[in-house]
Amino acid sequence: MANIYPYMILALVAVMILAFFYKAFRMIRKSGRIKREGYDARAVIYRVEYSPADDDSSETYYYYVRFRDLNGVERECSAGLSLSQKYQEGEQVNIRYLPDDLEFVRIMDDNE
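Residues numbered from 1 in each chain as written. Predicted model: local features only at pLDDT ≥ 70, side-chain atom pairs only at ≥ 80, totals over all residues. Heavy atoms only, no water.

Focus on the pairing of strand 1 (residues 39-51)
Move 1: Examined bridge by bridge, strand 1 and strand 4 (residues 92-98) share six bridges and lie antiparallel to one another. Along strand 4, the bridge assignment pairs Arg42 with Asn94.
Move 2: Relative to strand 2 (residues 60-68), strand 1 runs antiparallel, the two sharing eight bridges. Bridging across to strand 2, Ser51 finds its partner in Thr60. (Pairing = 2+ DSSP bridges. Helix = DSSP H or I, 4+ residues; strand = E, 2+ residues; numbered from the N terminus.)

Below, the structure is given as structure tokens:
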């Protein structure tokens, strides 16, 4: 019976790795869909979260925006992350979003 535990741990690690890649794949697809089909809006960065570097990752900045959708409803959404601090709280940015999926919006750079 004790010999089954390493296999259970290996299976759990495999499931976690698959879940990570699935989520990454969905985010890449969603980002592409936002770029192709999304609606443009002006937004304000209302929160910036900082995650310091550690042994496994580099420092990361997470951005959250507030904007009005096509119906004039004020929304608050995650707007992604960056490895450098590109934006400050209170700064206005151009975003693109999907009205049917407001879990994530994309901050559009000037060249997009």
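With respect to the packing of aromatic side chains
Move 1: Tallied over the full model, the rule gives four aromatic pairs.
Move 2: Plain terms: the ring middles of Tyr39 and Tyr97 are 6.2 Å apart, the flat faces sit at 40 degrees to each other, and that makes the pair tilted. Here Tyr39 is found in strand 1, whereas its partner Tyr97 is found in strand 4, with 58 residues between them in sequence.
Move 3: With a relative accessible area of 38%, Tyr39 lands in the partly exposed category.
Move 4: When the ring of Tyr63 is compared with that of Tyr87, the centres are 5.3 Å apart and the planes differ by 85 degrees; the resulting orientation is edge-to-face. Here Tyr63 is found in strand 2, whereas its partner Tyr87 is found in the loop between strand 3 (74-82) and strand 4, with 24 residues between them in sequence.
Move 5: Using a relative accessible area of 12% as the deciding quantity, one classes Tyr87 as buried.
Move 6: An aromatic cluster is present here, built from Tyr39, Phe67 and Tyr97 joined pairwise through their rings.
Move 7: Lying over the aromatic face of Tyr64, Arg47 brings its terminal NZ or CZ to 3.9 Å of the ring centre.
Move 8: Over the aromatic face of Tyr46 sits the side chain of Arg66, whose NZ or CZ is 4.3 Å from the ring centroid. (Phe/Tyr/Trp six-rings, centres within 6.5 Å; stacked < 30°, edge-to-face > 60°. Buried < 20%, exposed > 50% of the residue type's maximum accessible area, 1.4 Å probe, protein only. Lys NZ or Arg CZ within 6 Å of the ring centre and 35° of its normal.)

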